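Each chain, written out:
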Amino acid sequence: MRIIICGAGQVGYGIAERLAAEHNDVAVIDTAPALVQVVRDTLDARGYVGHGAHPDVLAEAGAEQADMLIAVTHFDEVNMVACQVAHSLFNVPTKIARVRSQAYLSPHWQDLFSSEHMPIDVVISPEIEVGEMVLRRIALPGASDVVRFADGEIVLVGIECREDCPVVDTPLSQLTELFPDLGATVVGILRGGQLTIARSHDHILTGDIAYVVAARSQVKRTLGLFGHEEPEAGRIVIAGGGSIGLYVARQMEQRSLRAKVRVIEPNRDRANLIADRLKRAIVLNGSALDQTLLEEADIGSTDLLVALTNDDQANILSSVMAKRLGCRSSLTLINNANYQSFAHTLGIDAFVDPRSITISRVLQHVRRGRIRAVHSIQNGAAEIIEAEALETSPLVGSAIRDLALPPTLRIGGIMRGGQYLRPDGTTRIRAKDRVVIFAAASAVRQVEQMFRVSLEFF
């Protein structure tokens with residue numbers, strides 16, 4: 001597959017790294033020579049210095065033969081024009097653009113991104129994607145990761161296994177015997193920084209993060225079995241009233257969530273704007289690093305601090321300070337992977353990785369076959385994939401135990417006719433089933449092949 005990526009920042013580089021490792025023909029364009037040089041030095045990809053929306057630069061990068069253009073520069077207008085040029089001059093089949101400004105995304109202007117106007121096939125809003133992830137994490141305290149599949153009926157949760165975890169040292173096969181009616185399957189285990197695909201003979205150890213695929217109705221019960229019965233947050237302080245912070249606060253009001261919300265925003269004009277747009281939340285003007293202001297926000301009796309500023313260091317420090325002042329837990333936005341690696345040692349309960357969320361959204365449209373959704377796990381070590389089974393899929397018809405599936409993937413859940421099925425060795429996948437698979441990075445291509453349309457289909 002020939003892919004052009006406009007933008008070599010954290011997201012653009014991450015996408016290029018993933019796609020180049022899968023032996024795609026990748027070209028990256030950026031105006032910063034230093035970023036392009038990093039691409040050339042570290043990836044099996046071509047790098048071009050230039051403006052991603054300029055026809056001559058796109059032509060040099062091979063737009064005439066490209067299958068896809070992914071525009072993820074820091075500027076919405078550059079991303080949008082790059083897609084327009086790729087369509088009008090080079091007839092690139094698929095165009096994906098990152099668009100941050102909510103002014104472009106208002107439902108009132110929903111026809112803007114259409115083939116007749118601005119031909120962008122997929123518009124990705126990081127603020128909305130990250131905001132929705134934050135809302136899911138708030139709704140499921142105790143989960144370190146939450147991803148929904150099959151119209152929300154199947155959920156992947158990451159669960160930290162603490163010393164009081166009741167299932168520590170229990171073989172996974174025994175869990176099935178103990179709880180035969182539990183609609184959940186452990187599909188992956190993160191231990192000592194290494195992610196492995198879970199097998200029936202594996203044990204959960206203290207300190208592990210278990211990745212579990214469960215029916216939506218069984219998620220809270222599953223968290224309880226792993227020792228996480230934390231109540232939902234009744235008092236929440238949001239540090240940072242930018243696009244993400246405002247989105248989260250507004251959605252909590254619109255969805256009638258009962259939590260009492262306070263928002264801390266350092267810019268006075270922005271704080272006034274937020275106060276005008278929110279109906280019930282209290283808005284405080286000041287820094288979340290100001291201990292006096294945190295105390296004014298009643299941080300000592302707060303259940304959850306959600307740090308959503310654009311500054312990783314401010315997010316981390318405000319989270320640490322809030323915990324020391326009595327806040328029960330924290331959820332922290334962290335872009336820098338180096339900071340993520342030691343977040344838990346500082347007492348941060350959970351973090352959100354915007355880069356990983358955006359990359360996952362892009363990969364959903366890069367993956368071939370009947371792929372409906374993709375989420376990247378642990379910086380690309382694995383992917384959780386939802387796909388639709390076709391008549392010609394090699395998965396259809398045989399019992400799972402007879403499929404000789406590689407140990408680098410595991411089927412976590414099946415949605416059939418609106419009903420969740422927990423797979424076991426006797427389960428037979430049928431055409432039109434929506435299958436959720438946890439796959440190591442090395443197995444992703446194989447998953448794609450399983451769900452591709454073959455010539456026999458026609």
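Residues numbered from 1 in each chain as written. Predicted model: local features only at pLDDT ≥ 70, side-chain atom pairs only at ≥ 80, totals over all residues. Heavy atoms only, no water.

For the chain, the name recorded in an unreviewed UniProt entry is Trk system potassium transporter TrkA, with Antarcticirhabdus aurantiaca as its organism.

Draft legend 1. Main features of the sheet that holds strand E8 (residues 154-160). Strand order in the open sheet made by the five strands is E7-E8-E11-E9-E10, with antiparallel pairing throughout. The open sheet is flanked by strand E7 (143-149) and strand E10 (194-197), the only strands paired with a single partner. Put simply, the sheet's adjacent strands are angled 20° from each other on average, direction ignored. Where E8 and strand E11 (residues 209-215) come together, seven bridges link them in antiparallel fashion. Residue pairing in the sheet places Val 155 in a bridge with Ala 214 of E11. (Pairing = 2+ DSSP bridges. Helix = DSSP H or I, 4+ residues; strand = E, 2+ residues; numbered from the N terminus. Axes fitted to C-alpha atoms, helices over the stretch in contact; angles between N-to-C directions.)

Draft legend 2. Expanded view of the packing of helix H9 (residues 243-254) against helix H10 (residues 268-277). For the pair H9 and H10, interaxial distance at closest approach is 11 Å and the crossing angle is 20°. By the angle between their directions, the pair H9 and H10 is classed as roughly parallel. Relative to H10, the crossing made by H9 is right-handed. The residues of H10 that touch H9, namely those facing Ser 243, Leu 246 and Arg 250, are Arg 270, Leu 273, Ile 274 and Arg 277. A breakdown of the residues in the contact of H9 with H10 according to their chemical character gives three nonpolar, one polar and three charged. (Parallel < 35°, antiparallel > 145°, perpendicular 65-115°, else oblique. Left-handed = near helix turned anticlockwise from the far one by under 90°. Contact = heavy atoms within 4.5 Å. Nonpolar A, V, L, I, M, F, W, Y, C, P; charged D, E, K, R; others polar.)

Draft legend 3. Representation of the packing of helix H6 (residues 126-139) against helix H14 (residues 354-366) in the model. Packing of H6 against H14 leaves a shortest axis separation of 10 Å and a crossing angle of 110°. In terms of axis orientation, H6 runs roughly perpendicular to H14. The chirality of how H6 crosses H14 is right-handed. Residues Pro 126, Glu 129, Val 130 and Met 133 of H6 pack against Pro 354, Ile 357, Thr 358 and Arg 361 of H14. In terms of residue class, the contact of H6 with H14 is built from five nonpolar, one polar and two charged.

Draft legend 4. Structural context of the pairing of strand E13 (residues 260-265). In the sheet, strand E12 (residues 235-239) pairs with E13 via five bridges, with the strands oriented parallel. Residue pairing in the sheet places Ile 236 in a bridge with Val 261 of E13. Following the backbone out of E12, through H9 and into the adjacent parallel E13, one traces a crossover that is right-handed. Judged from the four bridges that link them, E13 and strand E14 (residues 282-285) form a sheet pairing that is parallel. Residue pairing for E14: Val 263 is matched across the bridge by Val 283. (Right-handed = clockwise from strand over helix to strand, strands pointing away.)

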